[in-house]
Amino acid sequence: MNKTIFRLEEIRCYETEEHWYRDAVIGILGHYTSLEKVMEAMRKNNHEAWDAEEIMAYMVKEIAVDGKLRDVDWLSVRTYDPQGNLIDECLHDYNLCNQFDGRNPEAIRFKIGDIVEVLVGQRLIVAIVAALPPTPEDNFPVLDAMDDCYLVFPFGDGSNDHLHIPPTHTFALQRQLNKEDVDCLRNCLHDYQNQQNKAE
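A brief look at the structure comes next. (Residues numbered from 1 in each chain as written. Predicted model: local features only at pLDDT ≥ 70, side-chain atom pairs only at ≥ 80, totals over all residues. Heavy atoms only, no water.)

**Comments concerning the pattern of salt bridges**
One pass over the structure, following the stated rule, counts 14 salt bridges. Note that Arg175 is salt-bridged to Glu15, the shortest N-O span being 3.2 Å. Pair noted here: Arg175 is in the loop between strand 10 (170-172) and helix 2 (179-199) and Glu15 is in the loop between strand 1 (4-14) and strand 2 (21-32), with a separation of 160 residues, a long-range link. Judged by its relative accessible area of 14%, Arg175 falls in the buried class. Take Glu15: its relative accessible area is 54%, and that puts it in the exposed class. A salt bridge links Glu89 to Arg78; the shortest N-O distance between them is 3.8 Å. Of the two residues, Glu89 is situated in strand 5 (residues 86-90) and Arg78 in strand 4 (residues 74-80); the sequence distance between them amounts to 11 residues. Residue Arg78 is classed as buried on the basis of its relative accessible area of 11%. It is possible to trace a salt-bridge network through shared partners that takes in Glu10, Arg12, Asp51 and Glu54. (Salt bridge = Lys/Arg side-chain N within 4 Å of Asp/Glu carboxyl O. Helix = DSSP H or I, 4+ residues; strand = E, 2+ residues; numbered from the N terminus. Buried < 20%, exposed > 50% of the residue type's maximum accessible area, 1.4 Å probe, protein only.)

What follows is the structure in structure tokens.
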């Protein structure tokens, strides 16, 4: 009897008139008993979808069965590109406290100052990376899977000063930005770094 199932979701993105985000539509394609079946369904969907070019990525969430539903139930999360290549993964149970030692430095895809797109709800928002996920070398005393995230400053309407985004929800920038937008993001990072230096 399987103790977990895998939910396959597709992330489609659509351009908007706003230059700081794209609309994202997340659809559940199915639930499967193994990653192998997920990969097969992913390949089939990408091959048969008439509008496959709108698919930005796939997300696979591992869910416990025969258990009580909580606010966070993911046992693992993985993202793949439309061709089925792994983008990133968090293989730590999101429900456990103090069970995460930190991310392997080699698995950290971005560096401070990189401009990325982050999935927040139904939007892919342009943001700049301000801090990286913790690693074992950082020796934090208490970490869980929710700490496996980038600190980013989003470009937008100013309603959010910063966001904590899992690596599975952080993507390489796929759109052109003008110099003013890039400078705005870099200024946000510069201000943050100055505040950090003063705090030390």
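Having seen it, we continue.
**Here we look at the nonpolar core**
If you look at the biggest cluster of nonpolar residues, it comprises 25 residues, and the most contacted ones within it are Ile115, Val118, Val152 and Leu185. Counting only elements with at least two residues in this core, the list comes to strand 6 (115-120), strand 7 (123-131), strand 8 (150-154), strand 9 (163-165) and helix 2. The element best represented in this core is strand 7, accounting for 6 residues. Those residues within four positions of Leu185 in sequence are excluded, and the remaining contacts are Ile115, Val126, Ala127, Ile128, Phe153, Pro154, Phe155 and Leu177. Of all hydrophobic cores here, the second largest spans 13 residues; its members include Ala57, Met59, Val77 and Tyr94. (Core = buried A, V, L, I, M, F, W, Y, C linked by side-chain atoms within 4.5 Å. Contact = heavy atoms within 4.5 Å.)

**Some remarks on helix 2**
The terminal C-alpha atoms of helix 2, which comprises 21 residues, lie 30 Å apart, in line with the 30 Å expected from a rise of 1.5 Å per residue. Within helix 2, the full set of buried residues consists of Asp181, Val182, Leu185, Leu189 and Tyr192. Each buried residue of helix 2 sits inside an arc of 105 degrees when the element is viewed along its axis, so together they form one side. In helix 2, the exposed positions angled more than 90 degrees off the buried face are occupied by Lys179, Glu180, Gln195, Asn197 and Lys198. By the N-cap criterion, in which a side-chain oxygen at the helix start approaches the backbone nitrogen of a residue two or three places on, helix 2 is capped by Asn178, the distance to Glu180 being 3.2 Å. (Expected span 1.5 Å × (residues − 1). Arc of directions from axis to C-beta. Polar contact = N/O pair within 3.5 Å; in protein donor to acceptor, adjacent residues only side chain to side chain.)

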